[in-house]
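Observations on the three-dimensional arrangement
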Amino acid sequence: MTEAPRPTSTTRRRFLQTTGLAATAGLAGCLGGSGGSSLDELNVAYMPIYPDMQYFVMQEEGLFDELSVPVSGKKFSDGPSIVQASAKGDFDVMMFGIVPAMIVVDKGIPAKITAANIKNAMQILATDEFAALYDEHGKAAFTKFEEENGRKFTFGTFPPGSVPDILLRYWVQNTLGLDPEEDVNIKGLGGAAAVQQALLSNKIDGTSIMEPVPTVVDANDAPFQSIAWAGDFMPGQPAAVTLMHDRLREENREVASEFVRLHQEATQFVADNPQTAAEHASTVIGESALPVDTARAALDSPASDFITNPHDIEGGAEIFADYAQTLGKTEAQLTVDELFDYGIYDSL
C-alpha cells in the first residue's frame, strides 16, 4: 500500500498561518477574544489502548497544534481511574470505554459522548484445541469440555461490567443461548496486559479482548485463535468513545467541534497511513510492549475498525446500557439521548 504523504507539524502550522489565520481569529472572536475562553487548556484523559488510536495520531502528528487552546494529556491504565478523576471535574475530554463513560453520566457528571473511536473491536479467543471442538459441536463444546476436563471452560478478561466482559456475557447468553454464570467460568483479570500474560502463560482457556492482544498472542505462537468476532454477532459493537464535559461541549462549542474534526482527521489518517499509525501506537504504548511490526499487523484485523461517527454505535450502546444497569454498574438504564450529543459530529 502506498501511504498518503505525511503532513508535518511545521506544515500544519504554516497552513494555519497562511490560510487559517482568519478562521482562527474568528474562533477567538466567538470565544470572546484571546482571553475570553473559559478554557486555558484542554485537559484530556486517555488510555494506552488501541481503541484510543485517534489520540495517538493527534498527539504524534501535531494535530493538537490546530486547536485554539493548548492540550494537556494524562494517561490512565484503566477506565475506573478516569471515572474517579472525572468526579473531581479534572478533564474536558475522556477517551475510554463506553461502560466507564456510562458510569460517568449515571453519576450525574455533566458530559456526553460526541464521537466514537472504534466499533466491532472484540475478538473471542479460545485455545486451538477448544476451537476444533467448537467447530465440530458449536455451543455443546462447552459441555464436552467440562466432561473431558472435569471443570468449566474459563474465560479471563477485563473486570465485571467492562466492555470486554459485557460483550462476552452477551455472546454467551444471546448468541449461544447459554448461561454465563452457570455454563462457563468468567474471571476478571484486570487490564489488557494481565489478559495477555494469562494467555501467553496458558492460565486461561479463552478471553474477550481487543487488538492488539490477539495479534501479540499470534506473534508469540501461543495456542489460541479467534472463534467469534463482535462484528458478526453485534454489528456496531461499541468500545472506546470520546466523552466531553459540558463546559467544553456546551460552553466552548467551537473548540469542541474542532476537537471532533481533528478526531475525524485522525481516523482517516489511520486508514490512509497504517504504517505511520502503527509507529505512533508503538511509540505511545511502548515499543517493548508493542513492536511496530506487531502494531502494523494488528491494524489489518477486522477488530481494528476505527470510526468517528457516534451514530454507528447507537444500537450497541443500547444493549450495553441494558447490561450495565443489570450488572449494577449504573443505577439507571441510560437512553441514547442521555448518552450522546450527535450535534457536533453532524455539524462537521
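Residues numbered from 1 in each chain as written. Predicted model: local features only at pLDDT ≥ 70, side-chain atom pairs only at ≥ 80, totals over all residues. Heavy atoms only, no water.

An unreviewed UniProt entry lists the protein under the name ABC transporter substrate-binding protein, with Haloferax litoreum given as the organism.

**Some thoughts on the overall build of the protein**
Filter applied, for reference: Runs of H or I in DSSP of at least four residues are treated as helices and runs of E of at least two as strands, each being numbered from the N terminus. When checking whether two residues touch, look at their non-hydrogen atoms; a contact exists if any pair is within 4.5 Å. Accessible surface area values rest on a Shrake-Rupley calculation with a 1.4 Å probe, where residue burial reflects the displayed protein chains alone.
Looking only at helices and strands, the protein has 18 helices and 12 strands in total. The long-range fraction of contacts in the protein, counting pairs at least 24 apart against all pairs at least 6 apart in sequence, stands at 79%. Of the roughly 14400 Å² of accessible surface on the protein, a fraction of 46% belongs to carbon and sulfur atoms.

**Quick look at the pattern of salt bridges**
Put simply, the rule reads: Between Lys or Arg on one side and Asp or Glu on the other, a salt bridge is scored when a side-chain nitrogen of the former is within 4 Å of a carboxyl oxygen of the latter. Here's how the labels work: a residue is buried when its accessible area is under 20% of the maximum for its type, exposed when over 50%, partly exposed in between, all with a 1.4 Å probe on protein chains only.
This structure, assessed with the given rule, holds 13 salt bridges. A salt bridge links Arg253 to Asp341, with the nearest nitrogen and oxygen atoms 2.7 Å apart. You can see Arg253 sitting in helix 13 (residues 253-272) and its partner Asp341 sitting in the loop between helix 17 (336-339) and helix 18 (343-346), a full 88 residues away along the chain. Since its relative accessible area comes to 29%, Arg253 is described here as partly exposed. A relative accessible area of 8% means that Asp341 is categorised as buried. Taking the shortest distance from any N to any O, the salt bridge between Glu258 and Arg261 comes out at 2.9 Å. Residue Glu258 and its partner Arg261 are located together in helix 13, separated by 3 residues, close to a single helical turn.

**Comments concerning helix 3 (residues 53-60)**
With 6 of 8 residues buried, helix 3 lies mostly within the body of the structure. Positioned one or two residues after helix 3, Gly62 has a phi angle of 75°, which is positive.

**Description of a negative patch on the surface**
Defined as follows: Note on patches: the residues involved have over 30% relative accessible area and no salt bridge, like charges join within 9 Å, and the nonpolar side chains Val, Leu, Ile, Met, Phe, Trp and Tyr join within 5 Å. Working convention for charge: Lys and Arg count positive, Asp and Glu count negative, and His plus the chain ends are omitted. Each charge is placed at NZ for Lys, CZ for Arg, CG for Asp and CD for Glu.
Taken together, the side chains of Glu129, Glu146, Glu147 and Glu148 define an acidic patch exposed on the protein surface. Looking at the negative patch, the element that brings in the most residues is helix 7 (residues 141-149), giving 3 residues. Along the chain, Glu129 turns up in helix 6 (residues 128-137). Judged by relative accessible area, Glu129 falls into the exposed class, the value being 67%.

**Here's the deal with the pairing of strand 2 (residues 71-75)**
Note the cut-off: When DSSP finds two or more bridges between two strands, those strands count as paired. A clockwise course of the path from the first strand over the helix to the second, judged with the strands pointing away from the viewer, identifies a crossover as right-handed.
Pairing geometry for strand 1 (residues 42-46) and strand 2, over 5 bridges, is parallel. When the bridges of strand 2 are listed, Val44 appears paired with Gly73. Handedness of the strand 1-helix 3-strand 2 crossover: right-handed.

**Things to note about the sheet that holds strand 4 (residues 111-116)**
Through backbone hydrogen bonds, the strands of a sheet pair up, either in parallel or in antiparallel fashion. The cut-off we apply is this: Axis definition: a line fitted to C-alpha atoms, limited for helices to the stretch in contact. Angles are taken between N-to-C directions and run from 0 to 180 degrees.
Overall, mixed pairing links the 5 strands, which are arranged 2-1-3-11-4 in an open sheet. Pairing within the sheet leaves two strands with one partner each, and these edge strands are strand 2 and strand 4. Neighbour-to-neighbour, the strand axes of the sheet open up by a mean angle of 25°, direction not taken into account. Taken strand by strand, helix 13 contacts strand 1, strand 3 (93-97), strand 4 and strand 11 (240-245), and its axis lies near 165° from that of strand 11.

**Here we look at the environment of Asp183**
Put simply, the rule reads: Any pair of N or O atoms that falls within 3.5 Å is considered a polar contact. Within protein, one atom must be able to donate a hydrogen and the other to accept it, and sequence-neighbouring residues count only if both atoms are side-chain atoms.
Counting through the fold element by element, Asp183 comes out in the loop between helix 8 (163-175) and strand 8 (185-188). C-alpha separation for the pair Asp183 and Glu146, spaced 37 residues apart in sequence, amounts to 9.1 Å. Apart from residues no more than four positions distant in its own chain, Asp183 is found in contact with Phe142, Lys152 and Leu178. One polar contact links the side chain of Asp183 to the main-chain amide nitrogen of Asp179, over a distance of 2.7 Å.

**Structural notes on the confidence of the model for the protein**
We count it as follows: Per-residue confidence from the predictor is given as pLDDT, running between 0 and 100.
For the protein, mean pLDDT is 89; residues scoring 70 or higher make up 89% of the total. For residues 1-36, every residue scores under 50 in pLDDT, and the model assigns this stretch 43 contacts once sequence neighbours within four places are set aside.

**Considering the packing of helix 8 against helix 16 (residues 314-326)**
For clarity, the cut-off: To sort the angles, those under 35 degrees are grouped as roughly parallel, those over 145 as roughly antiparallel, those from 65 to 115 as roughly perpendicular, and the leftovers as oblique. In this classification, Asp, Glu, Lys and Arg are treated as charged, Ala, Val, Leu, Ile, Met, Phe, Trp, Tyr, Cys and Pro as nonpolar, and every other residue, Gly included, as polar.
Interhelical geometry of helix 8 versus helix 16 gives an angle of 95° and a closest axis separation of 10 Å. It follows that helix 8 is roughly perpendicular to helix 16 by the angle criterion. In this structure, helix 8 uses Val163, Ile166, Leu167, Arg169, Tyr170, Gln173 and Asn174 to contact helix 16, whose residues at the interface are Ile319, Phe320, Tyr323 and Ala324. Residues that form the contact of helix 8 with helix 16 fall into these classes: 8 nonpolar, 2 polar and 1 charged.

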